[in-house]
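# Descriptive structure summary
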Amino acid sequence: MNRTVACILAAGVVLAAVPWLGLPPFYESILYLVCHWAVLALSWNILSGYSGYFSFGHGAFFGIGMYTTAALAAKAEWPFLATLPFAALLPALLGLGLGFVVFRVKAVRGELFALLTLAVTFVVATVILNSPIDGGPGVYLNAVETPKLAPSPASSIYLMILAVAVLTVLVAYRVHASKLGTGLFAIHDDEDVAEVMGVPTFRYKLVAFAISCALAGLAGGIHALFVQYVTAGETFNITVPLTVVLMSVLGGTRHWAGPLVGAAAITGLLYAFTAGDHAVAGKAAVGAILVLVILFMPEGILGQLLKRRGKGAQPAAHPADSEAVAAASSAPQPLAEPVRQAPAVAIGKPLLEVRGLSKAFKGVQALDQVSLQVRQGEILGLLGPNGSGKSTFINVVSGHYPLSAGEVLFDGRSLAGLPAHRIAHAGIARTYQIPRPFKHMTVLQNVALVAMFGGAALRQDEALREAWKWLEFTGLQDRAHALPDDINLHQRKFLELARALAARPRLVLLDEVLSGLTPSEINEAIELIRRIRDQGSTIVFVEHVMRAVMALTDRIVVLNHGKLIAQGAATEVMQEAEVVNAYLGKPAYA
């Protein structure tokens with residue numbers, strides 16, 4: 001048991017002693033509300049804060065939990081505690097069903113997902129209101145027996161919500177610290193890249209949604225007994241999701257404890273205004289706080305405190321792992337001499353085979369019946385003028401885009417129809433022409449994520465050691481704790497390389513990694529790519545810098561308007577008339 005878990009449990013034990021301290025009932029009531037809102041805010045944050053799928057439908061799952069308990073306890077006369085598993089299960093099932101449909105549609109992200117979940121709230125409310133579950137007058141729970149867990153019924157209800165709050169804090173912490181949490185944060189920053197890097201985005205979103213809904217439903221079940229009277233109008237309204245959003249944003253959505261801090265602060269603020277007969281002013285103050293936080297403190301209270309705490313404290317530039325350091329190669333130095341030609345290597349059997357590959361975008365034929373082979377151990381140059389289909393080829397092979405026709409075989413296995421994360425697991429890694437790192441993760445975390453989710457599939461501690469190895473290899477070890485926005489283009493290009501290599505791939509797809517670099521930086525990159533091949537990787541090299549193509553490639557393939565027009569040795573192919581015409585245009589004759 002680590003220190004954080006021990007502290008959470010110890011805090012729960014201390015708060016559980018409140019009913020036996022002889023304090024006025026007010027303290028139990030205010031602590032109940034803090035725990036109640038903490039459960040709702042923390043559970044909302046597991047999906048919306050971690051993954052960025054902003055939900056306004058949390059009130060629907062909370063309300064389903066309330067009505068499940070109300071119907072089973074008041075109408076079916078079940079024991080109250082027996083209703084709580086179903087109060088969690090039914091919202092989780094609804095979340096899974098909704099997510100199974102919605103998460104498959106790429107267009108339903110951002111504000112569309114928020115509006116869809118808000119619509120679900122009113123649909124659920126309408127169904128319940130016009131069914132025997134409610135029927136109009138609501139459901140009374142005053143005859144339901146409260147479990148005898150403490151000296152009074154109010155104390156027993158408080159202990160139940162406290163137990164659920166402790167459970168929710170533990171779940172939020174464990175998710176945040178786990179592989180699931182890392183994947184959700186990657187989805188938050190760039191879902192498409194996360195999928196290509198090996199994160200099973202669809203499954204992770206479903207799991208997060210189910211956990212979020214189940215915890216909200218559990219809080220709703222207990223709250224039904226607390227209020228004693230459940231109505232659709234009071235349950236399914238915009239107040240719950242708005243309050244939950246405010247609490248999470250105020251505390252900080254990227255920290256597991258942020259919503260807990262926000263829940264305590266907002267609950268205390270609302271009580272202070274209500275106790276002073278200024279309830280309306282309290283609601284206005286809450287709205288003003290939301291606006292101010294969004295404008296001036298988007299990272300929340302905890303995020304801001306951690307940011308200030310980190311200033312001036314320079315983290316270690318290298319782990320105390322001498323074995324990992326020794327295994328890594330030293331950072332390459334700029335070359336003073338001209339770049340040498342690629343040395344002869346032993347080329348093996350075909351590793352990647354593409355047959356009749358086509359890709360169209362709404363009538364625009366980006367790739368047209370392309371067939372080629374990439375052999376084990378070679379560097380294959382993929383050339384062509386702008387718009388010829390080179391990046392589209394990389395995107396299709398890596399799973400970023402589905403193919404329109406044809407076949408892609410990797411080591412004899414068809415990749416057609418596979419999601420991008422399974423292609424990554426098969427041993428294919430790629431870089432992006434314009435670097436797309438996860439902007440809220442450090443350089444080290446960016447690389448470690450791929451070591452966890454890519455073909456290597458390492459544990460978290462092993463992934464960190466692997467990340468340090470490739471940061472050393474690419475010369476980025478001194479920038480390990482920097483955010484991507486704080487490093488230059490040259491370093492971001494090398495970060496793309498380090499991420500790809502951390503997956504321990506069999507095939508690396510390099511998409512214009514030299515663009516935007518200075519001549520000395522190009523020399524450095526050429527030497528680095530040569531060292532990558534020397535370690536056993538096969539490389540597809542998309543590039544416009546011809547001296548790099550001549551220095552590195554064993555063969556080249558030339559595309560033009562999506563068609564393969566030439567392939568072979570670079571010195572021969574670049575002299576072919578069709579290739580010259582593709583780059584320079586056909587000569588005009590008088």
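Check the entry above for the structure.
To keep things clear, this report deals only with the structure shown in the data block. This structure is a prediction, so every number in the text was calculated from the model and none was measured. (Residues numbered from 1 in each chain as written. Predicted model: local features only at pLDDT ≥ 70, side-chain atom pairs only at ≥ 80, totals over all residues. Heavy atoms only, no water.)

The next thing to look at is the overall build of the protein. A count of helices and strands for the protein gives 23 helices and 12 strands. In the protein, buried positions account for 53% of the 590 residues. The contacts in the protein between residues at least 6 apart in sequence include a share of 75% that link residues at least 24 apart. Charged side chains of the protein number 44 positive and 40 negative; the gap between the two group centres comes to 1 Å. (Helix = DSSP H or I, 4+ residues; strand = E, 2+ residues; numbered from the N terminus. Buried < 20%, exposed > 50% of the residue type's maximum accessible area, 1.4 Å probe, protein only. Contact = heavy atoms within 4.5 Å. Lys, Arg positive; Asp, Glu negative; His and termini not counted. Charge placed at Lys NZ, Arg CZ, Asp CG, Glu CD.)

What follows deals with the packing of aromatic side chains. Here the structure, examined in full by the defined rule, presents 20 aromatic pairs. Ring geometry for phenylalanine 26 against tyrosine 271: centres 5.0 Å apart, planes inclined by 40°, an arrangement best described as tilted. On the criterion of sequence distance, the pair formed by phenylalanine 26 in helix 2 (residues 25-51) and tyrosine 271 in helix 11 (residues 258-275) is long-range, its members being 245 residues apart. Residue classification places phenylalanine 26 among the partly exposed positions, given a relative accessible area of 32%. Residue classification places tyrosine 271 among the partly exposed positions, given a relative accessible area of 39%. Taking 5.7 Å as the distance between ring centres and 65° as the angle between the ring planes, the aromatic pair formed by phenylalanine 100 and phenylalanine 202 counts as edge-to-face. Here the residue phenylalanine 100 occupies a position in helix 4 (residues 80-102), and phenylalanine 202 occupies one in helix 8 (residues 201-227), the gap between them amounting to 102 residues. Following the ring pairs from residue to residue traces out a cluster consisting of Tyr53, Phe61, Phe103, Phe113 and Phe209. (Phe/Tyr/Trp six-rings, centres within 6.5 Å; stacked < 30°, edge-to-face > 60°.)

Non-glycine residue glutamine 369 carries a positive phi angle of around 55°. In this structure, glutamine 369 sits in strand 4 (residues 364-375). Since its relative accessible area comes to 52%, glutamine 369 is described here as exposed.

Turning to helix 10 (residues 239-251), a few remarks are in order. For helix 10, built from 13 residues, the straight-helix expectation of 18 Å at 1.5 Å per residue is met to within 8% by its first-to-last C-alpha distance of 18 Å. For helix 10, the full list of buried residues reads Val240, Pro241, Thr243, Val244, Val245, Leu246, Met247, Ser248, Val249, Leu250 and Gly251. Taken from the residues just after helix 10, glycine 252 is the one with a positive phi, measuring 120°. (Expected span 1.5 Å × (residues − 1).)

On to helix 20 (residues 519-534), then. With 16 residues, helix 20 extends 23 Å between its outermost C-alpha atoms, agreeing within 8% with the 22 Å of an ideal straight helix rising 1.5 Å per residue. Across the 16 residues that make up helix 20, a large majority, 13, are buried.

So, on to the pairing of strand 12 (residues 563-568). For a regular strand, side-chain orientation follows a simple rule: the groups alternate between the two sheet faces. Judged from the five bridges that link them, strand 11 (residues 555-560) and strand 12 form a sheet pairing that is antiparallel. Each bridged residue has a counterpart across the sheet, and for asparagine 560 the counterpart in strand 12 is lysine 563. If you look at the hairpin formed by strand 11 and strand 12, you'll find two residues sitting between the two strands, and histidine 561 has a positive phi there, around 55°. (Pairing = 2+ DSSP bridges.)

Another aspect to go through is the packing of helix 2 against helix 7 (residues 179-196). Contact geometry for helix 2 and helix 7: axes closest at 7 Å, N-to-C directions at 50°. For the element pair helix 2 / helix 7, the angle class is oblique. Together, Ile46, Gly49, Tyr50 and Ser51 of helix 2 and Leu184, Phe185, Ile187 and His188 of helix 7 make up the contact between the two elements. Taken together, the residues that form the contact of helix 2 with helix 7 break down as five nonpolar, three polar and no charged. (Axes fitted to C-alpha atoms, helices over the stretch in contact; angles between N-to-C directions. Parallel < 35°, antiparallel > 145°, perpendicular 65-115°, else oblique. Nonpolar A, V, L, I, M, F, W, Y, C, P; charged D, E, K, R; others polar.)

Okay, the environment of asparagine 142 next. Along the polypeptide, asparagine 142 turns up in the loop between strand 1 (139-140) and helix 6 (153-177). Residues asparagine 142 and valine 227 lie 85 residues apart in sequence; the distance between their C-alpha atoms is 9.1 Å.

A separate point is the pairing of strand 6 (residues 405-410). Pairing of strand 3 (residues 350-361) with strand 6, which is carried by five bridges, proceeds in the antiparallel orientation. Note on strand 6: the bridge partner recorded for glutamate 353 is leucine 409. By the bridge criterion, two bridges tie strand 6 to strand 7 (residues 413-414) in an arrangement that is antiparallel. If you follow phenylalanine 410 over to strand 7, its bridge partner there is arginine 413. Joining the antiparallel neighbours strand 6 and strand 7 is a turn of two residues, in which aspartate 411 adopts a positive phi near 55°.

Bringing the nonpolar core into the picture now. Core analysis: the biggest nonpolar cluster contains 156 residues, and Ile222, Leu449, Leu514 and Phe541 have the highest contact counts within it. Contacts of phenylalanine 541, omitting those with residues within four sequence positions, involve Ile379, Leu380, Gly381, Leu382, Leu510, Val513, Leu514, Ile529, Ala548, Val549, Leu552 and Thr553. Val370, Phe393, Val396 and Leu559 belong to the second-largest nonpolar core, a separate cluster that totals 26 residues. (Core = buried A, V, L, I, M, F, W, Y, C linked by side-chain atoms within 4.5 Å.)

So, on to the sheet that holds strand 12. Sheet strands pair via backbone hydrogen bonds, and the direction of the pair is either parallel or antiparallel. Here we have six strands laid out as an open sheet, ordered 8-9-10-5-11-12, and mixed in their pairing. In the strand order of this sheet, the two ends are held by strand 8 (428-430) and strand 12, each with one partner. Between one strand axis and the next, the sheet turns by 20° as a mean value, whatever way the strands run. Pairing between strand 5 (residues 379-383) and strand 11: four bridges, direction parallel. Following the sheet pairing, glycine 381 is matched in strand 11 by isoleucine 556. Seen against the sheet, helix 23 (residues 577-584) touches strand 5, strand 11 and strand 12 and runs at an angle of roughly 125° to strand 12.

This brings us to the sheet that holds strand 7. Here we have four strands laid out as an open sheet, ordered 4-3-6-7, and antiparallel in their pairing. One side of each edge strand has no neighbouring strand; the edge strands of this open sheet are strand 4 and strand 7. Bridging between strand 3 and strand 4 involves eight bridges; their strand directions are antiparallel. Along strand 4, the bridge assignment pairs proline 350 with arginine 375.

Interpretation note: all reported values are geometric properties and have no functional meaning in isolation.
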